[in-house]
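For reference, the chains in residue letters:
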Amino acid sequence: GWAGVTTYARQADNIQIEMFPSPANQELRVTLPEVDFARNIEISCLDIHGRPCFKFKASSTQQIVLDCSQLDPGNYMLRLNIGNRVFTKAFVIVK
């Protein structure tokens, strides 16, 4: 299965966002990058239609666990606002 697969989002300025497992079921672990240009990171989850599912703030250089138990199966986008930059990474929820 996909349980051991780790996905990375690599952006032009070499920011790395690690997300696992992929696909996710009950929770999704996100390792945030160490960045010099922002202490606070705004994280939002959008469904396939662009509607927000949840939003919160986190600190850089930490791992967060997203509770995905209330999300319906399907495709989602995780959007991270880090300083004046925006990074997005797709993920899938399966039940």
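Caption draft 1: Fine view of the pairing of strand β2 (residues 16-20). Bridging between β2 and strand β3 (residues 27-31) involves 3 bridges; their strand directions are antiparallel. Of the residues in β3, the one forming a bridge with F20 is R29. Joining the antiparallel neighbours β2 and β3 is a turn of 6 residues.

Caption draft 2: Expanded view of the confidence of the model for the chain. The share of residues in the chain with pLDDT of 70 or more is 75%, and the mean pLDDT across the chain is 80. The least confident element of the chain, judged by mean pLDDT, is strand β1 (residues 7-10) at 48; the most confident is strand β7 (residues 74-82) at 91. Low pLDDT (under 50) marks residues 1-12, which in the prediction has 26 contacts with non-local residues, meaning those over four places away or in another chain.

Caption draft 3: Up close: the packing of aromatic side chains. On inspection of all chains with the given rule, the structure shows 2 aromatic pairs. Here F54 and F56 contribute two aromatic rings whose centre-to-centre distance is 6.1 Å and whose plane-to-plane angle is 25°, an arrangement assigned as stacked. Taking the centre distance of 5.7 Å and the plane angle of 20° together, the rings of Y76 and F91 count as stacked. In this pair, Y76 sits in strand β7 while F91 sits in strand β8 (residues 85-93), placing the two residues 15 residues apart along the sequence. According to the relative accessible area criterion, Y76 is buried, its value standing at 8%.

Caption draft 4: Region of the structure containing the pattern of salt bridges. For the coordinates displayed, the defined rule picks out 4 salt bridges. Between K57 and E42 there is a salt bridge, with its nearest N and O atoms 3.3 Å apart. Taken together, the residues span a long stretch of sequence, with K57 in strand β5 (residues 52-59) and E42 in strand β4 (residues 40-47) at a distance of 15 residues. Close ionic contact of R51 with D47 constitutes a salt bridge, the shortest N to O distance being 3.0 Å. Since its relative accessible area comes to 48%, R51 is described here as partly exposed. Given the relative accessible area of 14%, D47 is considered buried. Three or more residues are tied together by salt bridges with common partners; here these are E42, K55 and K57.

Calculation criteria
Residues numbered from 1 in each chain as written. Predicted model: local features only at pLDDT ≥ 70, side-chain atom pairs only at ≥ 80, totals over all residues. Heavy atoms only, no water. Pairing = 2+ DSSP bridges. Helix = DSSP H or I, 4+ residues; strand = E, 2+ residues; numbered from the N terminus. pLDDT = per-residue confidence, 0-100. Contact = heavy atoms within 4.5 Å. Phe/Tyr/Trp six-rings, centres within 6.5 Å; stacked < 30°, edge-to-face > 60°. Buried < 20%, exposed > 50% of the residue type's maximum accessible area, 1.4 Å probe, protein only. Salt bridge = Lys/Arg side-chain N within 4 Å of Asp/Glu carboxyl O.

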